[in-house]
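Fold and geometry: a report
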Amino acid sequence: MSTYYQPRKYPASTFDSMQPADDALPVVVVGAGPVGMATAIGLAQRGIPVTIIEAGDQVSFGSRAICISRHSLEAAARLGYGDELDEIVLPWVGGRSFYRDKQVLHFRMPLRDFDVRPPMINVSQSEYEQIVVDAIERNPLITLHWSASIAGILRGDDEVTLEIDTADGKRHLRARWVVAADGGRSRMRELAGLRLEGTNYEGRYVIADIHWESELPAERMVWFDPPSNPGSTIIMHKQPGNIWRIDYQLDPSEDAEIETREDAIRARITKHLDWLQNDLPWTLEWHGFYSARALALRDFTHDRILFAGDAAHLVPIFGVRGLNSGMEDAETLAWQLAAVIHGNAEPALLDAYSAERHHAWEQNVANAGKSTLIMSPGSHGHRTTRDAVLALAVDRPEFGHLINPRQSSATHARLSPLTWPVAAGLTGVLPGDPVEDRRVRVAGDSPAESSLNAVRGNGFALLGIGLDATGSAALAAAAAALGAALAPESVRAVLVDGAPVDGVTTLDAPDLADALGATPGEVFVIRPDSLLLCRVPVGELSGVADALRTGSAPDGPAVPARPAEALTADEQRRENVWLGLSAALDQAGESDREGFLARLALLLGSQVGHREFEEAVAAAAAAAPGASSVVEEVEHVAG
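Residues numbered from 1 in each chain as written. Predicted model: local features only at pLDDT ≥ 70, side-chain atom pairs only at ≥ 80, totals over all residues. Heavy atoms only, no water.

**Quick word on the pattern of salt bridges**
A pair can form between side chains of opposite charge whenever their charged atoms are brought close. Scanning the model with the defined rule gives 38 salt bridges in all. Ionic pairing is found between Arg-268 and Glu-259, a salt bridge with its closest N-O pair at 3.0 Å. By relative accessible area, Arg-268 is classed as buried at 12%. Asp-433 serves as the salt-bridge partner of Arg-562, at 3.0 Å between the closest nitrogen and oxygen. Here Arg-562 is found in the loop between helix 14 (544-550) and helix 15 (569-587), whereas its partner Asp-433 is found in the loop between helix 10 (380-393) and strand 20 (439-442), with 129 residues between them in sequence. Take Asp-433: its relative accessible area is 4%, and that puts it in the buried class. In the salt-bridge network here, residues are joined through shared partners; they are Arg-70, Arg-112, Asp-115 and Glu-436. (Salt bridge = Lys/Arg side-chain N within 4 Å of Asp/Glu carboxyl O. Buried < 20%, exposed > 50% of the residue type's maximum accessible area, 1.4 Å probe, protein only. Helix = DSSP H or I, 4+ residues; strand = E, 2+ residues; numbered from the N terminus.)

In structure tokens:
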């Protein structure tokens, strides 16, 4: 019996148009997807009433974004629905990639003793959204209107008028601020006259959910050029309830309209499952279609309209960064917009939102773009090198890192105008970096196991390291002063390995200071979205409120650039060769590709010894189709 989730439908909402004498609504969020609803909850946590308008009459149907990362789970916990989510998800820690029928990669994401959550979980976006809707229905500050679609906008100096199509006809709402979170085909973006800019990749994928009671493990499995579907790429993920997500790539010559028919999808999946020696029945539950895109607005803030999630930016699906990056948007936008609405910050703070999240998109594209070049190479050069990497990786595992999907991880804000400077040579967690959750022990008369995320709450935290009695008292006073300046934003003081004082939570966490790279006397100021704002002596905390108010950090040396990936020298060299050779092949004339490669081999071969060259030739030959006869000939000539 199928366990596929069928979302319930909601009746069309009924509401009246606002009258000129009515006060404008504080915030209207357009779109009840994960990003829009998370933004609404974050604003409501800070005492701001929010109205959500949603064109549909239910949460999204189908799995869609199924992979939720650790940092998104942390955000869900801060937003108050983490426990409900934990009850229905399927955790996983790694995956395998295959070239034809040979394994070429087995990766594992970090899962350490101090981690509170798994690195990744699978759950359908439909079920995820329903949990958030249920949380919203319990919140008296949030109103969600179903079957209400945007028809027009009129922008004024201090408010936006929204024309909305409803079951009862057109209605008009006025809002001081509008959050456009209405997805990749954003109607708000269209009405505002804005266009996404960037790259459209050529890869096209059919995506399907099936109910299949297989015992295969819950891990990401990818087959390149599998015998079941030669020339294609197939991805499989297990979801809760024996639901399997299957994505497969279409050849450029295939007609998407024909290939997305149910009979064609069933035939393609049957071939792959039969090749896996499946003897279990399965049912097709849902299917869709996508192509890889790396697009974004130039700016995410446009006067009183603020864009978030897919309405602001699109990233290739590989590495599961869409929903996860949108959750970061939501948390950042919620606390910053709340500070502006409460009068605790100037509107310039929202410029920081745009700058931070646009750079976060650039970080995601840098990694997702490399994954896309492996999953869906769009040119002759990249396809040639991708196939060569796969063939080599069968017997040369050092090439496997190029196939790694580079799974989503929390982005940083080192380039943000909010991020404070640091002294040259400082190491550890730097301003702009994410501060990951970890297990800690709360000290005191009743010690208790907890986590850094739980201790610091959903607001700001001042984390003091190794403070004496005077420093601890100053920490408590600074937290109280910052709390008064940012009210109703939460501000908590937390002490690690220092002198206890009233009003400050003390942690018994001897490894925390080392993990942060902290020295005694420092205070780490953690933002509500878990990014580090600054690390300063306790006496310099008085400047934090002013910096947040103006949306700019004090002058000083910039935080060092953060590498997109932690690669060894050898890995970086192989990556440079892969990308450089791909580009060079694309630039070579079609009739000269073989000649170009021969000249390149001669030039590079002349720089190594005879034995090294022989070994390289033999390894390259061994990876070719029909390799045994080729290798024998190479060995005969070399001998």
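**Topic: a nonpolar patch on the surface**
Where nonpolar side chains cluster on the molecular surface, the patch consists of Val-608, Phe-613 and Val-617 and spans about 220 Å² of accessible area. Residue position: Val-608 is located in the loop between helix 16 (593-605) and helix 17 (610-622). (Patch = residues over 30% accessible without salt bridge, like charges linked within 9 Å, V, L, I, M, F, W, Y side chains within 5 Å. Areas by Shrake-Rupley, 256 points an atom, 1.4 Å probe, with all protein chains shown as cover.)

**A few points about the pairing of strand 22 (residues 460-465)**
For strand 22, a buried count of six out of six residues is recorded, marking the element as mostly surrounded by other parts of the structure. Burial of the side chains of strand 22 extends over both faces: Phe-460, Leu-462 and Gly-464 are buried on one face and Ala-461, Leu-463 and Ile-465 on the other. Across four bridges, strand 22 lies against strand 25 (residues 522-526) in antiparallel orientation. From the neighbouring strand, Ala-461 faces strand 25, where its bridge partner is Ile-526. (Pairing = 2+ DSSP bridges.)

**Looking at the nonpolar core**
Counting residues in each nonpolar core, the largest one holds 110 residues, and the members touching the most others are Ile-52, Tyr-81 and Leu-462. Sort the elements by how many residues they give to this core and helix 8 (residues 322-341) lands first, with 10 residues. Counting 32 residues, the second-largest nonpolar core is a separate cluster that includes Phe-107, Phe-318, Val-320 and Ala-391. (Core = buried A, V, L, I, M, F, W, Y, C linked by side-chain atoms within 4.5 Å.)

**Some points on the packing of helix 15 against helix 16**
Packing of helix 15 against helix 16 leaves a shortest axis separation of 9 Å and a crossing angle of 140°. Taken together, the axes of helix 15 and helix 16 are oblique relative to one another. The way helix 15 lies across helix 16 gives a crossing that is right-handed. Taken together, the residues of helix 16 that come into contact with helix 15 (itself represented by Leu-581, Ala-584 and Leu-585) are Arg-593, Phe-596, Leu-597 and Leu-600. Its residues placed into classes, the contact of helix 15 with helix 16 shows six nonpolar, no polar and one charged. (Axes fitted to C-alpha atoms, helices over the stretch in contact; angles between N-to-C directions. Parallel < 35°, antiparallel > 145°, perpendicular 65-115°, else oblique. Left-handed = near helix turned anticlockwise from the far one by under 90°. Contact = heavy atoms within 4.5 Å. Nonpolar A, V, L, I, M, F, W, Y, C, P; charged D, E, K, R; others polar.)

**Considerations on the sheet that holds strand 3 (residues 67-69)**
Strand order in the open sheet formed by three strands is 3-7-4, with antiparallel pairing between adjacent strands. Strands at the two margins of the open sheet, each flanked by one partner only, are strand 3 and strand 4 (90-92). With strand direction ignored, the average angle separating the axes of adjacent strands in the sheet is 35°. Sheet topology places strand 4 next to strand 7 (residues 120-122); three bridges connect them, and they run antiparallel. Directly across from Leu-90, in strand 7, lies its bridge partner Asn-122.

**Structural notes on helix 1 (residues 34-45)**
The periodicity of an α-helix, 3.6 residues per turn, causes residues three or four places apart in sequence to face the same way. When the terminal C-alpha atoms of helix 1 are compared, their 16 Å separation across 12 residues agrees well with the 16 Å that a helix rising 1.5 Å per residue should span. Burial of helix 1 is extensive: 11 of the 12 residues sit out of reach of the surface. Among all positions in helix 1, only Pro-34, Val-35, Gly-36, Met-37, Ala-38, Thr-39, Ala-40, Ile-41, Gly-42, Leu-43 and Ala-44 are buried. Positive phi shows up at Gly-47, right after helix 1, with a value of about 80°. (Expected span 1.5 Å × (residues − 1).)

**Structural notes on the sheet that holds strand 6 (residues 102-108)**
Read from one edge to the other, the open sheet built from eight strands follows the order 6-5-13-14-15-12-16-19, with strand pairing classed as mixed. Where the open sheet ends on each side, the last strands, each with one partner, are strand 6 and strand 19 (313-314). Pairing between strand 13 (residues 220-224) and strand 14 (residues 233-239): four bridges, direction antiparallel. Its bridge partner lying in strand 14, Met-221 is registered against Met-236. Packed onto the sheet, helix 7 (residues 262-275) meets strand 12 (197-212), strand 13, strand 14, strand 15 (243-250) and strand 16 (282-296) and runs at close to 100° relative to strand 16.

**Describing the packing of aromatic side chains**
Scanning the model with the defined rule gives nine aromatic pairs in all. Their ring planes at 15° and their centres at 5.4 Å tell us that Phe-98 and Trp-223 sit as a pair that is stacked. Of this pair, Phe-98 sits in strand 5 (residues 94-99) while Trp-223 sits in strand 13, and the two are 125 residues apart along the sequence. Across the pair, Trp-223 and Phe-98 agree in class, each one buried. Aromatic pair Trp-335 and Phe-460: ring centres 5.2 Å apart, planes at 80°, arrangement edge-to-face. Of the two residues, Trp-335 is situated in helix 8 and Phe-460 in strand 22; the sequence distance between them amounts to 125 residues. Assessed through its relative accessible area of 2%, Trp-335 is described here as buried. Ring-pair connections join several aromatic residues into one group, and the members of that group are Phe-98, Trp-223 and Trp-275. Here the basic side chain of Arg-574 rests over the ring of Phe-399, its NZ or CZ set 5.9 Å away from the ring centre. (Phe/Tyr/Trp six-rings, centres within 6.5 Å; stacked < 30°, edge-to-face > 60°. Lys NZ or Arg CZ within 6 Å of the ring centre and 35° of its normal.)

**Describing unusual backbone geometry**
Between Ala-487 and the following residue, Pro-488, the backbone shows a cis peptide bond with an omega angle of 10°. The phi dihedral of Gln-277 is positive, around 65°, even though this residue is not glycine. Within the element layout of this structure, Gln-277 appears in the loop between helix 7 and strand 16.

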